[in-house]
Amino acid sequence: MNLRDKIYESKYLSPKRKGELEEFCRNLDLHFKNLNMLDLAFHHSSFSNENEDHHRYNNERLEFLGDSVLGLAVAAFLYEDMMDNPEGDLAKIKANVVSEQALAPIARDKMHIDRYLVLGKGEERSGGRHKRAILADAVEAVIGALYLDSGYESAKNLVDELIVPEIRKVQMDKGNKDYKTLLQEYYQRKYQKCPWYELVRQTGPDHDKTFTVQVHLGDVVYGPSDGKTKKAAEQNVAKMACDRLGLADA
């Protein structure tokens, strides 16, 4: 563990906040040896930007780590679960279930992360507690925190509990479609080329950006469409193109 994390371990947790974190753990049957690490997973960068004594202490690094742990755990599950499927099938399902579109409802409905987030005043006023990007990022941060606190197996068990039901939905074609993959397969099959996604603009402060993207299929342009991340914007504009091309129900 690095020096910054060790310093954070010593930060004071009020009895009220400690009780909230213990409630979160009980609801998901989690066991954290260090509740400060879990607390950090809920601190959005908007809070650290507004509070000098909390400068640089936010969940972005945990999110970075958790994203990789999540991806590994999902890939390992799919590898064992879908022995007769080619790599492309596994990749499609993985892209679907680790997306912001899939993680945000898990954060809200299964983990109730919105109750525990620590946001800056501006982000709070703008409805940040319910923004998909913030919720999805917090899921990854919690996974990263659990990995550091209790190891890979504990983190993997949480991922399995949260994500396997979503995998089953996709396997039964009840999940959200990966429109980027759908569009790419169509265009490659027909023209032997790949769609090109163009970032038209990005607006808003660093902690609350909106990305606007359009997609080029040769000389034809679809969009633009917005998203809180570039990946989300690309999925949204790909869906727009799929709808126009009659691929959405394919």
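Above this text sits the structure in question.
Figured I'd write up the structure that's included with this text. (Residues numbered from 1 in each chain as written. Predicted model: local features only at pLDDT ≥ 70, side-chain atom pairs only at ≥ 80, totals over all residues. Heavy atoms only, no water.)

Some points on the overall build of the chain
When helices and strands are counted, the chain shows twelve helices and three strands. Across its three principal directions, the C-alpha atoms of the chain cover 60 × 45 × 30 Å. The proportion of buried residues among the 250 residues of the chain is 46%. Working note: accessible area of the chain is about 13400 Å², and carbon and sulfur atoms make up 50% of it. The positive charge centre, built from 36 side chains, and the negative charge centre, built from 41, are 3 Å apart in the chain. (Helix = DSSP H or I, 4+ residues; strand = E, 2+ residues; numbered from the N terminus. Buried < 20%, exposed > 50% of the residue type's maximum accessible area, 1.4 Å probe, protein only. Areas by Shrake-Rupley, 256 points an atom, 1.4 Å probe, with all protein chains shown as cover. Lys, Arg positive; Asp, Glu negative; His and termini not counted. Charge placed at Lys NZ, Arg CZ, Asp CG, Glu CD.)

Overview of the sheet that holds strand β1 (residues 196-203)
With respect to topology, three strands assemble into an open sheet ordered β1-β2-β3, the strand pairing being antiparallel. Across the chains shown, the open sheet's two edge strands, defined by having one partner strand only, are β1 and β3 (220-227). On average, adjacent strands in this sheet sit at an angle of 20° to one another, irrespective of strand direction. Sheet topology note: the strand β2 (residues 210-217)/β3 ladder contains six bridges and is antiparallel. (Pairing = 2+ DSSP bridges. Axes fitted to C-alpha atoms, helices over the stretch in contact; angles between N-to-C directions.)

Things to note about the layout of surface pockets
A volume near 690 Å³ is recorded for the largest pocket. Forming the walls of the largest pocket are 25 residues, and the residues nearest its centre are Val98, Ser99, Glu100, Thr229 and Lys231. Split by residue class, the lining of the largest pocket holds six nonpolar, eight polar and eleven charged. (1 Å grid on protein atoms, 1.4 Å probe; cavity = no way out; pocket = protein on both sides within 12 Å on 5 of 7 lines; lining within 4 Å. Points joined across faces, edges and corners; volume = space filled by probe spheres on them. Nonpolar A, V, L, I, M, F, W, Y, C, P; charged D, E, K, R; others polar.)

Notes on the packing of aromatic side chains
Going through the model one piece at a time under the given rule, you end up with four aromatic pairs. Between Phe24 and Tyr116 the ring centres are 5.3 Å apart and the planes differ by 75°, which places this aromatic pair in the edge-to-face class. Residue Phe24 is located in helix α2 (residues 15-28), and its partner Tyr116 is located in the loop between α7 (100-110) and α8 (121-125); the two are separated by 92 residues in the primary sequence. Both residues of the pair, Phe24 and Tyr116, count as buried. Taken together, the aromatic side chains of Phe24, Phe42 and Tyr116 make up a single cluster linked through ring pairs. (Phe/Tyr/Trp six-rings, centres within 6.5 Å; stacked < 30°, edge-to-face > 60°.)

Describing the pairing of β2
Looking along a regular strand, one sees side chains alternate from face to face of the sheet. Counting buried residues along β2, seven of its eight residues qualify, which places the element largely inside the surrounding structure. Summarising the sheet, β1 and β2 pair through seven bridges and their orientation is antiparallel. Across the sheet, residue Tyr197 finds its bridge partner in β2, namely Val215. Connecting β1 to the next strand, β2, in antiparallel fashion are six residues, including Gly204 with a positive phi near 95°. Between β2 and β3, which pair antiparallel and follow one another directly, the connecting turn spans two residues, one of which, Gly218, has a positive phi of 65°.

Describing the packing of helix α9 (residues 132-150) against helix α10 (residues 152-171)
The contact between α9 and α10 brings their axes to 7 Å, and the two run at 150°. In terms of orientation, α9 lies roughly antiparallel with respect to α10. Across the interface between the two elements, Val142, Ile143, Leu146, Tyr147 and Ser150 of α9 pack against Tyr152, Ser154, Ala155, Leu158 and Val159 of α10. Tallied by class, the residues present in the contact of α9 with α10 amount to eight nonpolar, two polar and no charged. (Parallel < 35°, antiparallel > 145°, perpendicular 65-115°, else oblique. Contact = heavy atoms within 4.5 Å.)

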